[in-house]
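# Residue-level structure breakdown
What follows is each chain in one-letter form.
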Amino acid sequence: MKHDVLTFMFLLLGGICIQAQTPAFEIPDEAKNVMVKGKTFTSSWGDFDNDGCIDLFLVNGNWPDQNAANQLFRNNCDGTFTEVNVSLFEQDIYKSANAAWGDYDHDGFKDLLVGNASGQPINLYHNMGNGQFERVVNPAFEASQGDHFVYWFDYDGDGWMDAYLANEEGSDKLLRNKANGQWQDAFEEVEVPFEYHRVSTRGMALADVDNDGDLDVFLASNRKNSLNINEGNGKYRLAEDSRVTIDIRGSNTALFEDLDNDGDPDLIVGTDNGARNTMIYENQGDAGFRLLSSSVIFRDRPNSYAICPADYDLDGDIDLFFACSFGTAGRANAYYENQGNLEFRFRDLGPITRVNLATAGASTEDFDNDGDVDIYLAHLGENINSILFENTTPDRHFLNLHLVDDLDSMTVMGTKVQLKTVIQGESRWQYRTLAPTASYGQSSQDIIFGLDQSLIIDSLRIIWPDGDSCIFTQLDADQFLTVFSSCKPAATIPVPVDTPLLVVLDTIPEAEPVVVVEPSKPKPKAKPRLRYTTIKNPKENQLVKVKKRSLKLQVWDDDLVDGDVVTIKVGGKTVVSDCQVKKQKARFTIKLPSNSTTLEMIAVDEGKLPPNTAVIRIDDGLHRQTIYMKASKAKSGKLRLQVRK
């Protein structure tokens, strides 16, 4: 597979040449059909078909210059995408601004809300669960003056997603979801919970600013920003004395992230005028917010349409990417690496941060399920393609966390997650809140933690919006972990075979100091570090990336041995014939016929308990991948193997 390699860097530290933390990005050839030309304004990631691979919705229309149809691309779980023919999307040709995924009716499928230009309706599409959508017709979504950006959040805490329609030119709308298919304008019919909702709102950011258990709301306005503190039952008060409200600056986007891992969400506010500063506010708890006026980001004044915070280098803290170049000649996108203690350093990432890309929006997602964060840049302009950039940062460990409400009692938005692991010899906590918003691009609704070199997660704490919580201890790294709000027994959750401790607590204890046991001997520098990945529920034709064609293969049964016999084919040719699957690992050495091929597990004898189940471990010397496979007489288990040096 051919790639356009963008960048790699090295850092001299103490006289030793060490590979820098700066991520590297490539343009994957196999996904170029999502890189449409000249018309994409923003993008939104969401798993509309519930197959575990995150799909991509493109908001088109060369907004605000001309109308165009939006597009939905299904993620095929192998690094490729297929455009989904949705009749409504082809019919609804508007000047769309943004889109937000959210399950407003609790049916288990993500629905889609699309904001359009002035004089055009807001489009709410109900996901029917069969690959198609139906338009929700309601007076609340009828056409009105002003360009709209749309957001989902549960403003009154009743467990149902409400819709916020931000209006650049007039009054916003807050539509309360009445859980019966009806929507009520809370601003007009109930009370006005937000003080400044009539002043050209573009962006919304959500976080529990005061740590009282509910989400507070920051509105980014082209005239006056405001921080609204949630006091419960749909009531909010304006934080009039807060620095983030006093600072009167034209803003168009904002996000909360805990940039210093102290447990308090900090605020990033973006502007679209190079004469104004992009602002970072440190949350000092009871002392309020402090503007980091000495920050390099404040001094550089990057234009900020989309702000994409993520741990791109998987070193345990949040880095910042700004989409800056839309509508301003000579402005480039910008990437700032988190150095710790709220210090950032600008890094040149090559074409992804080049001038004159006309980047309107940006969004992030681990589209290829390899553990790191990829970026989609939406570009407007003649002969300019939008681009999906794949993160190819040298291997570090990670945890990808997917949260699910299986009690049908709340939304998972607002869930807090705390993770403790050893990074660079020190025991560290990381803090995240699931509160995705979608002004100039909706990013991942999963939480990705970077673990650096750590193979073990000491503690994972999840605090749900209703106050219930659960703790996992001694988890393996490099997992795609699904956790349910019911805190079901760990056997139903895709975690390692050696099930970790699972307890349910009424309150979360304070983060106490721990005794860290260091490895007895560090690995010699000349010896490459072995990476481990476990895939509990592989998709059909799951993509498995390896570094070379010569591989070690192990096959065994980690459950009940019931007489299963399998044959394994690579590239259509048998490499392991009539292998009896037992507790003892059967070991083989194979050589792939090409850099892109298939591995197929065929059921020869299904044993006493069909279908066949077997664990297959693929080891290329650098990456050991353990995959739980199933096969029956009617259907074999298949993987797609790809050599990526």
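Please read all numbers here as calculations on a predicted model, not as lab measurements. (Residues numbered from 1 in each chain as written. Predicted model: local features only at pLDDT ≥ 70, side-chain atom pairs only at ≥ 80, totals over all residues. Heavy atoms only, no water.)

### Section: the overall build of the chain
Secondary structure summary: the chain contains four helices and 52 strands in total. Relative to its full complement of 645 residues, the chain shows a buried share of 58%. Of the contacts made within the chain by residues no fewer than 6 positions apart, 58% connect residues no fewer than 24 positions apart. For the chain, the computed accessible surface area is about 25900 Å², with 47% contributed by carbon and sulfur atoms. (Helix = DSSP H or I, 4+ residues; strand = E, 2+ residues; numbered from the N terminus. Buried < 20%, exposed > 50% of the residue type's maximum accessible area, 1.4 Å probe, protein only. Contact = heavy atoms within 4.5 Å. Areas by Shrake-Rupley, 256 points an atom, 1.4 Å probe, with all protein chains shown as cover.)

### Some points on the sheet that holds strand β31 (residues 343-347)
Across the sheet, four strands lie side by side as β28-β29-β30-β31; this open sheet has antiparallel pairing. The open sheet has two edge strands with one neighbour each: β28 (307-310) and β31. Strand-to-strand twist of the sheet, defined as the mean angle between neighbouring strand axes without regard to direction, takes the value 25°. Sheet topology note: the strand β30 (residues 334-340)/β31 ladder contains five bridges and is antiparallel. Note on β31: the bridge partner recorded for G340 is E343. (Pairing = 2+ DSSP bridges. Axes fitted to C-alpha atoms, helices over the stretch in contact; angles between N-to-C directions.)

### Quick notes on the sheet that holds strand β24 (residues 253-257)
Spatially, β24-β25-β26-β27 is the arrangement adopted by the four strands of the open sheet, whose pairing is antiparallel. At either margin of the open sheet sits one strand with a lone partner, and together these are β24 and β27 (289-291). Averaged over neighbouring strand pairs, the angle between their axes works out to 20° when direction is ignored. Taken together, the three bridges between strand β25 (residues 266-270) and strand β26 (residues 279-283) define a ladder with antiparallel strand orientation. Of the residues in β26, the one forming a bridge with I268 is I280.

### With respect to the state of the cysteines
Taken as a whole and judged by the stated rule, the model has one disulfide. Sulfur-sulfur distance for the disulfide between C53 and C77 comes to 2.2 Å. Sign of the S-S torsion, about 125° for the bond between C53 and C77, identifies this disulfide as right-handed. Here C77 lies in the loop between β9 (71-75) and β10 (81-84) and C53 lies in the loop between β6 (42-46) and β7 (55-59), a separation of 24 residues in the sequence. According to the relative accessible area criterion, C53 is buried, its value standing at 2%. (Disulfide = S-S within 2.5 Å.)

### Section: the pattern of salt bridges
Counted according to the given criterion, the structure contains 19 salt bridges. Between D78 and R640 there is a salt bridge, with its nearest N and O atoms 3.7 Å apart. Of the two residues, D78 is situated in the loop between β9 and β10 and R640 in strand β52 (residues 637-643); the sequence distance between them amounts to 562 residues. Note on accessibility: D78 and R640 belong to one class, buried. Among the salt bridges present, the one from E337 reaches R347, with a minimum N-O distance of 3.1 Å. Highlighted residues: E337 in strand β30 and R347 in strand β31, separated in sequence by 10 residues. Grouping residues by exposure puts E337 and R347 together as buried. When salt bridges that share partners are traced, they join E26, D368, D370, E390, K545 and R644 into one network. (Salt bridge = Lys/Arg side-chain N within 4 Å of Asp/Glu carboxyl O.)

### With respect to the packing of aromatic side chains
Each aromatic ring pair is specified by the distance between its two centres and by the angle formed by the two planes. Across all of its chains, the model carries 21 aromatic pairs by this definition. Residues F89 and F133 carry aromatic rings whose centres are separated by 5.4 Å and whose planes lie at 40° to one another, so their mutual orientation is tilted. Of this pair, F89 sits in helix α1 (residues 87-91) while F133 sits in strand β15 (residues 133-135), and the two are 44 residues apart along the sequence. Both rings, one in Y336 and one in F346, keep their centres 5.7 Å apart while their planes meet at 65°; by these two values the pair is edge-to-face. Remark: F346 occurs in strand β31 and Y336 occurs in strand β30; sequence separation between them is 10 residues. For Y336, a relative accessible area of 1% puts it in the buried group. Under the relative-accessibility criterion, F346 is labelled partly exposed at 40%. Linked through ring pairs, F48, F57, F89, W101, Y125 and F133 together constitute an aromatic cluster. Above the ring of Y628, the side-chain terminus of K536 is found at 4.2 Å from the ring centroid. (Phe/Tyr/Trp six-rings, centres within 6.5 Å; stacked < 30°, edge-to-face > 60°. Lys NZ or Arg CZ within 6 Å of the ring centre and 35° of its normal.)

### Describing the side chain of D370
Assignment of secondary structure puts D370 in the loop between β32 (359-365) and β33 (374-385). Relative accessible area serves as the criterion here: at 17%, D370 is assigned to the buried category. A polar atom in the side chain of D370 sits 3.4 Å from the backbone nitrogen of D372. Not counting residues up to four positions away in its chain, the partners in contact with D370 are E390, N391, F398, F480, R531 and K545. (Polar contact = N/O pair within 3.5 Å; in protein donor to acceptor, adjacent residues only side chain to side chain.)

### Considering the nonpolar core
One finds F153 and Y164 to be the most contacted residues of the largest nonpolar core, which totals 73 residues. With residues near it in sequence (within four places) discarded, F153 still touches M161, D162, Y164, L174, F194, M204, L206, V217, Y236 and M413. Grouped together as the second largest cluster of nonpolar side chains are 27 residues, V544, L553, V570 and A631 included. (Core = buried A, V, L, I, M, F, W, Y, C linked by side-chain atoms within 4.5 Å.)

### Here's the deal with the confidence of the model for the chain
The predicted model of the chain averages 82 in pLDDT, with 83% of residues at 70 or higher. Overall, residues 1-20 carries pLDDT values under 50, and its contacts beyond four positions in sequence, including any with other chains, amount to 46 contacts. A low-confidence stretch, residues 489-528 stays under pLDDT 50, and its non-local contacts, those more than four residues away or across chains, total 71 contacts. (pLDDT = per-residue confidence, 0-100.)

### What to know about the environment of V209
The residue V209 is located in the loop between β20 (201-207) and β21 (216-221) in this model. In this structure the C-alpha to C-alpha distance between V209 and G288, which are 79 residues apart in sequence, comes to 9.2 Å. Residues within four places of V209 in sequence aside, it is in contact with D216, L227, F256, P265, N283 and F289.

### Remarks on unusual backbone geometry
Between P610 and P611 the backbone carries a cis peptide bond, its omega angle lying at -5°. Inspection of the secondary structure puts P611 in the loop between β49 (596-605) and β50 (612-619). Not every positive phi belongs to a glycine, and N211 is a case in point at roughly 55°. Examined against the element boundaries, N211 turns out to sit in the loop between β20 and β21. Even without being a glycine, N261 presents a positive backbone phi close to 55°. Tracing the backbone shows N261 in the loop between β24 and β25.

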